[in-house]
Amino acid sequence: MKFLITSLAIFAWFLQSVTAADSFVEGEVLVTFRPNMTEAQQDAALAKNGLRMGKRFKMLSARGGGAVSWIREKSRTTAQLIAMLKARQEIATVEPNYIRRFSRIIPNDTHFPQLWGLENKAQFVNTSIGIAGVDTQFAAAWRLANPVANEIVIGIIDSGLDIDHPDIKANLWINSGEIPGDGIDNDSNGRIDDIHGFDFASNAAQISDSGDHGTHVAGTAAAVGRNASGVIGVDFRTKLIAMKASIDGDTILTSSALAAYNYAITMKARGVNIVALNASFGGNTFSTTERNAIIALRDSGIILCAAAGNESTNNDLTPSYPANYDVSNIISVAAITSTNGLASFSNFGATSVDLAAPGQNIYSTARLTSFPFISTVTVGATSYAAQSILGAGAVIPPGISGNVIRCGIGNPGEFPPEVSGNIALIQRGTITFASKVANAMKAGAVAAIIDDNTADDLSVSAWQLSNAENYIPAVRVTRASGLAIDDQLPSAGIVVNGPSASAPYRFLSGTSMATPHVTGAVAFAARNFPTETISQRISRILNNVTPVAALTGKMTSAGRLDLLGIVDTDRDQLPDWWETAHFGNLAQTATDNPDSDNFSNLEEFLTGTSPVSAASQLAFSSAAAAAGNDFQLAFPSELDSAYEVEYSDDLATWFSLETSIQGTGGVIEMTDPNALSESVGRFYRISLLPH
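Residues numbered from 1 in each chain as written. Predicted model: local features only at pLDDT ≥ 70, side-chain atom pairs only at ≥ 80, totals over all residues. Heavy atoms only, no water.

Colleague: I'd like to hear about the overall build of the protein chain, residue by residue, with values.
Modeller: Summing up its helical and strand segments, the protein chain has 14 helices and 32 strands in all. In terms of overall dimensions, the protein chain has C-alpha extents of about 90 × 70 × 50 Å along its principal axes. Among the 691 residues that make up the protein chain, the fraction classed as buried is 55%. Contacts in the protein chain between residues far apart in sequence, at least 24 positions, make up 71% of those at least 6 positions apart. Averaging the positions of the 44 positive and the 66 negative side-chain charges in the protein chain gives two centres separated by 7 Å. (Helix = DSSP H or I, 4+ residues; strand = E, 2+ residues; numbered from the N terminus. Buried < 20%, exposed > 50% of the residue type's maximum accessible area, 1.4 Å probe, protein only. Contact = heavy atoms within 4.5 Å. Lys, Arg positive; Asp, Glu negative; His and termini not counted. Charge placed at Lys NZ, Arg CZ, Asp CG, Glu CD.)

Shown next as structure tokens:
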């Protein structure tokens, strides 16, 4: 049995499905003849099947293999052409003329259609309809993003952060120098237990949001992406440091902001790659001390993205600080609407405001505690009513799961090793609820259930933890429920302690909402161009905006934020970082083929192959019979890329052999079980999948 191994490179980092009807051109094939055949012999071989030469690829043929050509015969199907030609001994390979297509990122985040600032298709968003294309070109930009980067970090100086939010949690920066909850400044930076940041207003480790502002801002800049829920941030791979600077969720003291600046400089000097701070706040008084602190940020390589203000005034005449300080590392941000106009509330300034970003009707993350909680415990097939313990961590449906482990009344010695990574079941008594949950955390539990030791029901006053820690999810159940759970152990369980999955998101407007778009853009620029200075980074952002007539004379750039312009300044569909890495300049075009391998620069980029090596192509590197009737395939992979391998028996219908194969940077081997027992030949193709 002969197997025709074909290589299909769908040229996009972000792939849309290709239907069987349009995956190749019907009635066309690509043929490679046996080596050393003359053109006359090639023509004669085709003539035996009533075919004529379509086009010879002489440069490819001259590389030492057999002659490569294109054949077209519209009176026959592709399958018929392959069947007749693969039987001829003069022909080494024959395969379809596959269609390669471009695509765009389509995040699977459920609320993505609400994010007009990332993709505006004139959709209906919060009572408003925008103008298609008035956005930051998020999708096109991320298609050209560098897939490999060091950890990028941004700081959110604001009202705090809901670290339990599912669109925030996975992108929290983690201070590796601290041990959670031990009350010790392990890394000697002057802050105790600063695991994900710090509260500079209260000088405490507790960074929970005192309003909704900080959580909303953080989500716009760096919400977790492609997690099949919620929203997605401008740079959804960046890490967030919570720099809480507000006690009341409404005001920030300059002293708290200074402490946050100082912390950023300290951690930057220790190797944390902080590239930007978000300052969605302002006031009309000049502070020499604050200005000098921002200069210190500049000297440390940190950009400050600052909101221009919401007073509808001209900042050239009525300054707003910190946005108006004449320091070169500040980007001052106004708000633009989905219809491409300056927002009615937004400040502006021909010399003092730099650019506009989406700032009206911005949908983003909100505090979980702003919404009614659902609290339940499920053990085995039985669900038990529960009550949230005030101050405990939140977890939205479907909840957090693990084996339920009985841990006495929660004294340190009562937690067995197996509770780590699982759920602690603790009885009420003797020690405080806060101590019980804190001890569970130290033992590695992911959630805690505390069952009452009296017959009280859940309608009595709620239990409460202290405000000293960021606790794991913890709920209360009745005594009867605790006994029933005991009877089911050992068993797996699920704890839910939060609002419904669709709830913790809301619309807000303001230059506060515009600014994190730019903070995320700074992270995006740093991701793609890590060696650039902050001056170069700011120029890359401001010099490549989308011009907007309504902003002329209103700000220095007269344009709105454009992520695509950041990564592809010459607009040739090739990312600047890739061109520079391979060619040292931006002189190449997307259609150039410098290594003469019949793959354009754009095709080489999107398949992760080298544009300067003809031997570098997305293709199977080997294919051979394996044990029994198995058939084994192998292909070289790119780190941080994903692939799908499909098979077909007739070229009309394709089936996935394996999908979401994660690239390793080396050769990946896979097997098609029992394939050699089939009575017909089988075709294979490989596709690049979304990052």
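Don't stop here, the text continues.
Colleague: Which residues make up the packing of aromatic side chains, and what are the values?
Modeller: Across all of its chains, the model carries 20 aromatic pairs by this definition. With 4.6 Å between their ring centres and 50° between their planes, Y363 and F507 make a pair best called tilted. You can see Y363 sitting in strand β15 (residues 362-365) and its partner F507 sitting in strand β24 (residues 505-508), a full 144 residues away along the chain. Judged by its relative accessible area of 11%, Y363 is buried. Judged by relative accessible area, F507 falls into the partly exposed class, the value being 23%. A centroid spacing of 6.0 Å and a plane angle of 75° characterise the contact between W577 and F605, whose relative ring orientation is edge-to-face. Linking W577 in helix α13 (residues 576-583) with F605 in helix α14 (residues 601-607), this pair joins segments that are 28 residues apart in sequence. Given the relative accessible area of 14%, W577 is considered buried. Given a relative accessible area of 1%, F605 falls into the buried group. (Phe/Tyr/Trp six-rings, centres within 6.5 Å; stacked < 30°, edge-to-face > 60°.)

Colleague: Summarise the nonpolar core; cite the residues concerned and give the values.
Modeller: In this structure, I154, I331 and L355 are the most contacted members of the largest nonpolar core, which totals 80 residues. Counting 32 residues, the second largest nonpolar core, distinct from the first, contains A257, A260, Y263 and Y325. (Core = buried A, V, L, I, M, F, W, Y, C linked by side-chain atoms within 4.5 Å.)

Colleague: Could you give an account of the sheet that holds strand β17 (residues 382-385), with specific residues and numbers?
Modeller: Across the sheet, which stays open at both edges, the eight strands sit in the order β17-β16-β23-β19-β20-β21-β22-β18 with mixed pairing between neighbours. Here the strands that pair on one side only, and so sit at the sheet edges, are β17 and β18 (387-388). As paired strands, strand β19 (residues 395-406) and strand β23 (residues 491-498) are joined by six bridges and run antiparallel to one another. Bridging across to β23, V404 finds its partner in S491. Each of β20 (423-427), β21 (447-451) and β22 (474-477) is contacted by helix α8 (residues 433-442), which is oriented at about 150° to β20, the strand it contacts most. Packed onto the sheet, helix α9 (residues 479-488) meets β16 (374-379), β17, β19, β20, β21, β22 and β23 and runs at close to 155° relative to β17. (Pairing = 2+ DSSP bridges. Axes fitted to C-alpha atoms, helices over the stretch in contact; angles between N-to-C directions.)

Colleague: Can you tell me about the pairing of β21, naming the residues and giving the values?
Modeller: Side-chain positions along a regular strand alternate between the two faces of the sheet. Burial within β21 is extensive, with five of its five residues counted as buried. Here β21 shows a buried face lined by A447, I449 and D451 and a second buried face lined by A448 and I450. In this structure, β20 lies alongside β21, joined through five bridges in parallel fashion. Looking across to β21, one finds that I426 is bridged to I450. After leaving β20, the chain enters α8 and then returns to the sheet as β21, a path that is right-handed. In terms of strand pairing, β21 meets β22 through four bridges, oriented parallel. Opposite I450, over in β22, you have R476 as the bridge partner. (Right-handed = clockwise from strand over helix to strand, strands pointing away.)

Colleague: Could you give an account of the packing of helix α6 (residues 254-269) against helix α7 (residues 288-299), with specific residues and numbers?
Modeller: Running from N to C, α6 and α7 point in directions that differ by 15°, and their axes come no closer than 10 Å. Between α6 and α7, the angle falls in the class roughly parallel. Taken as a pair, α6 and α7 cross one another with a handedness that is left-handed. Residues T254, A257, L258, Y261, A264 and I265 of α6 form the contact with α7, whose own contacting residues are T289, E290, A293, I294, A296 and L297. Looking at the contact of α6 with α7 residue by residue, the class counts come to nine nonpolar, two polar and one charged. (Parallel < 35°, antiparallel > 145°, perpendicular 65-115°, else oblique. Left-handed = near helix turned anticlockwise from the far one by under 90°. Nonpolar A, V, L, I, M, F, W, Y, C, P; charged D, E, K, R; others polar.)

Colleague: Break down the environment of G559 for me, with residues and values.
Modeller: Along the chain, G559 turns up in strand β26 (residues 559-560). A sequence separation of 223 residues divides G559 from I336, and the C-alpha atoms of the two residues are 9.6 Å apart. Those residues in contact with G559 that sit more than four places away from it in its chain are L355, A356, V545, T546, P547, V548 and L551.

Everything listed here is a matter of coordinates, which is why it stays silent on function.
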